[in-house]
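# Coordinate inspection notes
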Protein chains: 2
Amino acid sequence: MAPANDILSNYSTLQKARLQYETVLPAVLERSFKISYGGPTTSAANSEDIAALFKSMYGQPTAIVEPSESSTLSSAPLKVGVVLSGGQAAGGHNVIAGIFDYLEKNVPGSTLYGFLGGPGGIMKGKYAVITADFLYPYRNQGGFDIIRSGRDKIESDEQMKMAKSTVESLDLDGLVVIGGDDSNTNACVLAEYFKNEGLKTRVIGCPKTIDGDLKSKEVPVSFGFDTACKIFSELIGNVMIDSKSAAKYYHFVRLMGRAASHVTLECALQTHPNITLVGEEVAAKKMTLKEVKDYVLDVVVKRAAAGRNYGVVLIPEGLIDFVPEISVLIAELNDILAKTTVDKEGEWKKDLTAASRSVFDILPPTIQEQLLLERDPHGNVQVSKIEMEKMLMEMVAADLKVKKAEGTFKGSFNCQNHFFGYEGRCGLPSNFDANYTYALGYTAGALLQSGLTGYMASVNNLTAPTKEWTAGGTPLTSLMQVERRKGKNKPVIRKALVELDGAPFTAFAAVRDDWAINDRFRNPGPIQFEGPAANESNFTLLLEQGVLSAIN
Amino acid sequence: MAPANDILSNYSTLQKARLQYETVLPAVLERSFKISYGGPTTSAANSEDIAALFKSMYGQPTAIVEPSESSTLSSAPLKVGVVLSGGQAAGGHNVIAGIFDYLEKNVPGSTLYGFLGGPGGIMKGKYAVITADFLYPYRNQGGFDIIRSGRDKIESDEQMKMAKSTVESLDLDGLVVIGGDDSNTNACVLAEYFKNEGLKTRVIGCPKTIDGDLKSKEVPVSFGFDTACKIFSELIGNVMIDSKSAAKYYHFVRLMGRAASHVTLECALQTHPNITLVGEEVAAKKMTLKEVKDYVLDVVVKRAAAGRNYGVVLIPEGLIDFVPEISVLIAELNDILAKTTVDKEGEWKKDLTAASRSVFDILPPTIQEQLLLERDPHGNVQVSKIEMEKMLMEMVAADLKVKKAEGTFKGSFNCQNHFFGYEGRCGLPSNFDANYTYALGYTAGALLQSGLTGYMASVNNLTAPTKEWTAGGTPLTSLMQVERRKGKNKPVIRKALVELDGAPFTAFAAVRDDWAINDRFRNPGPIQFEGPAANESNFTLLLEQGVLSAIN
């Protein structure tokens, strides 16, 4: 770890200014508090299985932080560990700052250990002691670089024992796992295991992911989503105005966000693109690849008729997984190519089913080639390498060439493609994410001091002024269900996908046909930390919370 | 054109806030002024040729706007046209606003015509009359969408006559061409032609390009460079912190900027990446592709030895043109493939020279394939489609695989690649670009009212407070030289490339070895319009103007 001065000497003016930003703490976390409880909880689904798997954790009540005249909690110093797990999201540093400041203020003399490089650091017992000086340069800064992140999972018996050994040797009272759905599932497994092993180490999760697919009634949003969507929307807004100024390009933009389309939908609400594909809608309507392509084609043709040979198309990176026929084709290709050589004449195609054959045949040649050539070390097609935005671009271009020859298309169709992902994960957190994560960290501290384990820190009422935000804990088992993964039944936190009857999608669906043909472009611009745009919530949250009822 | 209200109803909070931003005008442009003149000028080179080509324009003196008790200029209303030419750059709208406001204030009753879709609009006589209401929604906004842009050139006799016909029928006193080096060359050709034809239409150019390669002593920077570099640096800064947080990826970032590496150099000064390739240095040192690759490889190996298997590499998009052996290879390929079929056994390679053959053989297979397959309609290799960042990634990866097998490399090398370009051209202009372009437009108005033609508007002293900026005009012929293009001698404005003994490169060269191995990452964050980071100049300008002497 570099000394603080070395880091600070390279800081930009804005990085330094953000160090001075004073996060606002919800009033309920500023004063002495007590925990009150709701009724017992069940799980998202498969409650019998979840109950059997988590005998100690299952059924715990929702916890609510409430103001109290005085605290009845012991102020004996605590030893707490914290770990950052999985992909980066803006605000991770402030969760750590929140835990640290909570302990400093409420349980002085406590020690905070930061496990290095993700859950692997817990297993290997690698950590840094987090002091005020060590923490200082990371306050309100993006990234997870204070202790880095990693994707290891603590799963096998051996790994669980390694984790146990570490928390025992550090004499940890608590462990905060900052991560996405899988990491929070893992946190619950650890909580159960530690409890059953008779350890005192309590485990609290914090909801992190730019994808926005880790949320529930009590956890309205995962941190990092707001900042990432704002950064992507800045770029989309810029590209959009470029498209209108040059009036000669369609920009096909693929957006990070894994299985869910929340990021794409939020960016659409922010920028008003001409075409937005939402994976969940494609799946719900069982759209074929041809139907998806035809939707894009139809808008392009209508815009050309209106004299507009330019536009912007948003595509969620998970789209490919939502088109079932592509998954089927890929499975067949994996089987066939394991035993057959691809011949130029296309004899090998005989082994495809008729349905897959017709899907393969409408793919552009470059994508066909990619499917046949780019294979992982096990010989399988690398789905993540398939650039869906290019696939659609080329399919639409091929159709328009035919229409042009027929005389039914008189426009032009030139494209640029983009992928926005890594750019949005480590930006300086928006004021919202800076305050939200600080409150999450503070809440995690409060839950740990209150003796709770197997909870996710939850901060709510997020569209009200920050002072009025509420805090509490959601039992991790209440978010779980059983899913089949790699041939085994596994308890997992249910992914929150875009709901087609939810407020954000409904608001979008009401205006998208207008956006398609007319130019209603909106440029949110770069994240501002001061001025009138500095404290705006994202539209997904405003719509879901009922603060907004429509998009203009 | 959409009505103003329709546009405004879609605006974001920040777009609306920027409408209210009050640009600061240099004091000298606020009051009555006179033009004073320097001595006669020559040209950048080939002065005899330039003098012969521009008999009327050649040798004009530098013009300086100076305070004066009262103005001696006629206040008879003027008719002025304006056109946006070539690629977008942030601030174009404010140039138009500057011209408009100048005319409103100093020559009331004047008319401003905006030619639609670039120089093609002049030839076709397509325009919009720019009124206060029409202009309002575009003030301080990015993009060229008010009248759009285009890449047509007014070159042939026929085209010149079309332009003449338009300016005659509109009875234009002046025409402002907002564009890059080629467009300003074209502006000078038009100025000469109009003068020789006895027209009253005077022509003034304005220096626009994000590439930063249109500059001289009197024109310290082209507009849009500041905003684009700030947007790219925001993204690079984010990716950089991502790289350090995950500690598992090298990010190879290709940056827009055509032939010159100014954008890449400025972004490097802003962010302190591990590796920065500067095209002009590669050319000056006559580096081979292998040498460029070896430089990258060397840094990766050294970082791995220090336990750092991650980092950021910046690559200017024009790099490929600076490696002479690649140009030679491509020329040979174009010849060979015109007459020979590529056979799998590689017999066709016999026709390559030994030098080109060895260059071809060190290229990664995917790039070899790209060179052989992706050809334009004339059968030529599409140089612009070659993704240099991928080429380098794959070459370095291949070498590291060998080293790994030998046991001389024990690290890991995983990569992500990016291209940042269109994202940076139409952002909301930084305060600097907003003020600079407004001053340029105002200056263009002053030069036109003063009866000048064949000048580029120049605003200088740009590192001082805006009130103290100076204004004037640089004769376009003074920036010119003769270059061979498509087999013909052409007068062109000399491109300003990165100077290896200039202050920006020198400052960079002094610290890059430290940046290479150690992490000195700097995140400038998103452009701010308020707060302590809102009015920062770019480092290139600060170093060139001697305000800064080094980078920390």
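Residues numbered from 1 in each chain as written. Chains lettered and ligands numbered in written order. Predicted model: local features only at pLDDT ≥ 70, side-chain atom pairs only at ≥ 80, totals over all residues. Heavy atoms only, no water.

### Focus on the pairing of strand β11 (residues 415–420) of chain A
All names here are of chain A. Applicable threshold: Buried means the residue's accessible area, taken with a 1.4 Å probe over protein chains only, is under 20% of the maximum for its type, while exposed means over 50%, and partly exposed covers the values in between. A helix here means a DSSP run of H or I that spans at least four residues, while a strand means a run of E at least two residues long, and both kinds are numbered starting from the N terminus. One requirement defines pairing of two strands: DSSP has to find at least two bridges between them.
Judged by which residues are buried, β11 turns out to be one-sided: Gln416, His418 and Phe420 face inward and are buried, whereas Cys415, Asn417 and Phe419, on the alternate face, are not. Bridge analysis of strand β8 (residues 250–255) against β11 gives six bridges, and the strand direction is parallel. Across the sheet, Arg254 pairs through a bridge with Phe419, a residue of β11.

### With respect to the nonpolar core
Applicable threshold: In this text, buried Ala, Val, Leu, Ile, Met, Phe, Trp, Tyr and Cys residues form a nonpolar core when linked through side-chain atoms within 4.5 Å. Any two residues whose heavy atoms approach within 4.5 Å at even a single point are treated as in contact.
One finds Ile96 and Tyr436 of chain A together with Ile96 and Tyr436 of chain B to be the most contacted residues of the largest nonpolar core, which totals 261 residues. Apart from the residues lying within four places of it in its own chain, the contact partners of Tyr436 of chain A are Pro207, Val219, Val221, Ser222, Phe223, Val459, Leu462 and Trp469 of chain A.

### Some words on the interface of chain A and chain B
This is how it is decided: As a working definition, buried area equals the accessible area (1.4 Å probe) given up by two parts on being put together, with both sides summed. Criterion for a salt bridge: a side-chain nitrogen of Lys or Arg within 4 Å of a carboxyl oxygen of Asp or Glu. N or O atoms within 3.5 Å of each other form a polar contact, as long as, within protein, one can give a hydrogen and the other can take it, and as long as residues adjacent in sequence are counted only when both atoms are side-chain atoms. All amino acids are sorted into three groups, where Ala, Val, Leu, Ile, Met, Phe, Trp, Tyr, Cys and Pro are nonpolar, Asp, Glu, Lys and Arg are charged, and the leftover types, Gly among them, are polar.
Taken together, the contacts link 58 residues of chain A with 58 residues of chain B. Both sides together, the interface formed by chain A and chain B hides about 4,900 Å², and carbon and sulfur atoms give 49% of it. In this assembly, chain A and chain B are joined by four salt bridges. The partner of Arg425 of chain B in a salt bridge is Asp242 of chain A, with the nearest N and O atoms 2.7 Å apart. If you look at where chain A meets chain B, you find 30 residue pairs in polar contact (both at pLDDT 80 or more). Counting only elements with at least two residues in the side of chain A that touches chain B, the list comes to α2 (13–19), α10 (225–246) and β11 of chain A. The element best represented in the side of chain A that touches chain B is α10 of chain A, accounting for 10 residues. Among the residues making up the side of chain A that touches chain B, the classes are represented as 22 nonpolar, 21 polar and 15 charged.

### Here's the deal with the side chain of Thr443 of chain B
Residues and elements named next belong to chain B. Tracing the backbone shows Thr443 in helix α19 (residues 431–449). Overall, the relative accessible area of 0% leaves Thr443 in the buried class. Excluding residues that lie within four positions of it along the chain, Thr443 makes contacts with Leu29, Ala457, Ser458, Val459, Ala471 and Gly472.

### Side note on the relation of the copies chain A and chain B
Put simply, the rule is: In this comparison the copies share one frame, found by least squares on the C-alpha atoms of residues holding pLDDT of at least 70 in both.
Taken as rigid bodies, chain A and chain B are interconverted by a rotation of 180° and an axial shift of 0.0 Å, the fit giving an RMSD of 0.1 Å. Here the transformation between the copies is reduced to the relation of a two-fold axis. Both copies share a contact surface, since 100% of the interface residues of chain A are interface residues in chain B too.

### Side note on the sheet that holds strand β6 (residues 174–179) of chain A
All names here are of chain A. Here is the rule we go by: The axes used here are C-alpha line fits, helices contributing only the stretch in contact, and every angle between their N-to-C directions lies in the interval 0 to 180 degrees.
Across the sheet, nine strands lie side by side as β1-β2-β13-β12-β7-β6-β3-β4-β5; this open sheet has mixed pairing. Every other strand in the sheet has two partners, leaving β1 (33–40) and β5 (127–129) as the edge strands with one partner each. Ignoring which end each strand starts from, the neighbouring axes of this sheet average 25° apart. Of the strand pairs in this sheet, strand β7 (residues 202–207) and strand β12 (residues 455–460) are connected by two bridges, and their pairing is parallel. Considered in β12, the bridge of Ile204 is made with Tyr455.

### Quick notes on the UniProt feature "site: Important for catalytic activity" (unreviewed entry) in chain A
Residue and element names in this part refer to chain A. Selection criterion: UniProt positions are given in the numbering used here, feature names are shortened, and annotations may be inferred rather than shown by experiment.
In the numbering used here, UniProt assigns the "site: Important for catalytic activity" (unreviewed entry) feature to Lys208. Within the secondary structure, Lys208 is located in the loop between β7 and α10. Judged by relative accessible area, Lys208 falls into the buried class, the value being 4%. Leave out the neighbours within four places in its chain, and Lys208 touches Ser85, Gly86, Gly87, Ala89, Phe144, Ile178, Gly179, Gly180, Leu214, Ser222 and Phe223. Within the structure, the side chain of Lys208 is placed 2.8 Å from the backbone oxygen of Gly87, a separation counted as a polar contact.

### Focus: the layout of surface pockets
Rules: Cavities and pockets are found on a 1 Å grid laid over the protein atoms alone: a cavity is a set of points where a 1.4 Å probe fits but cannot escape, a pocket is an open set with protein on both sides within 12 Å along at least five of seven lines, and a lining residue has an atom within 4 Å of such a point. Grid points are joined across faces, edges and corners, and a volume is the space filled by probe spheres set on the points.
Of the volumes computed, that of the second largest pocket is approximately 860 Å³. The wall of the second largest pocket is formed by 27 residues, among which Lys344, Glu369 and Leu373 of chain A together with Lys344 and Glu369 of chain B lie closest to the centre. In terms of residue class, the lining of the second largest pocket is made up of 13 nonpolar, four polar and 10 charged.

### Thoughts on the packing of helix α11 (residues 262–271) of chain B against helix α20 (residues 503–517) of chain B
All names here are of chain B. Heads up, the rule is: Angles below 35 degrees are treated as roughly parallel, those above 145 as roughly antiparallel, those between 65 and 115 as roughly perpendicular, and all remaining angles as oblique. Here is the rule for handedness: rotate from the far helix to the near one, and if that takes an anticlockwise turn smaller than a right angle the crossing is left-handed, while a clockwise turn gives right-handed.
Running from amino to carboxyl end, α11 crosses α20 at an angle of 50°, the nearest separation of the two axes being 10 Å. One finds that α11 runs oblique with respect to α20. Handedness of the crossing formed by α11 with α20: left-handed. Contacts from Leu265, Ala268 and Leu269 in α11 reach Pro504, Phe505, Phe508 and Trp515 in α20. Considering only residue class, the contact of α11 with α20 consists of seven nonpolar, no polar and no charged.

### Section: the packing of aromatic side chains
Rule in force here: Centres within 6.5 Å are what make two rings of Phe, Tyr or Trp a pair, Trp counting through its six-membered ring; a difference in plane orientation under 30 degrees is then read as stacked, over 60 as edge-to-face, and the rest as tilted. In this scheme, the term charge over a ring applies when either NZ of a lysine or CZ of an arginine sits within 6 Å of the ring centre and within 35 degrees of the ring normal.
Counted according to the given criterion, the structure contains 32 aromatic pairs over all chains. The interplanar angle of 50° and the centroid separation of 6.4 Å between the aromatic rings of Phe134 of chain B and Tyr138 of chain B together place this pair among those described as tilted. A residue is classified by how much of its surface remains accessible, and Phe134 of chain B, at 16% relative accessible area, is buried. Sitting over the face of the ring of Phe419 of chain A, Arg254 of chain A holds its NZ or CZ atom 4.3 Å from the ring centroid.

### Concerning the environment of Leu265 of chain B
Residues and elements named next belong to chain B. Secondary-structure assignment places Leu265 in helix α11. With a relative accessible area of 2%, Leu265 lands in the buried category. Residues Leu265 and Thr276, 11 residues apart in the sequence, show an inter-C-alpha distance of 7.6 Å. Leave out the neighbours within four places in its chain, and Leu265 touches Val498, Pro504, Phe505 and Phe508.

### A look at the side chain of Thr201 of chain B
Residues and elements named next belong to chain B. As for its placement among the helices and strands, Thr201 is situated in the loop between α9 (181–196) and β7 (202–207). For Thr201, the side chain forms a polar contact with the main-chain oxygen of Leu172, separated by 2.8 Å. Setting aside residues no more than four positions away along its own chain, Thr201 makes contact with Val167, Leu172, Asp173, Gly174, Leu175 and Phe194.

### Points about the UniProt feature "site: Important for catalytic activity and substrate specificity" (unreviewed entry) in chain A
All names here are of chain A. When the UniProt feature table is mapped onto this chain numbering, "site: Important for catalytic activity and substrate specificity" (unreviewed entry) sits at Asp182. Counting through the fold element by element, Asp182 comes out in helix α9 (residues 181–196). Other than its neighbours up to four places away in sequence, Asp182 contacts Lys153 and Arg485. Polar side-chain contacts of Asp182 include one of 3.3 Å to the side chain of Lys153.

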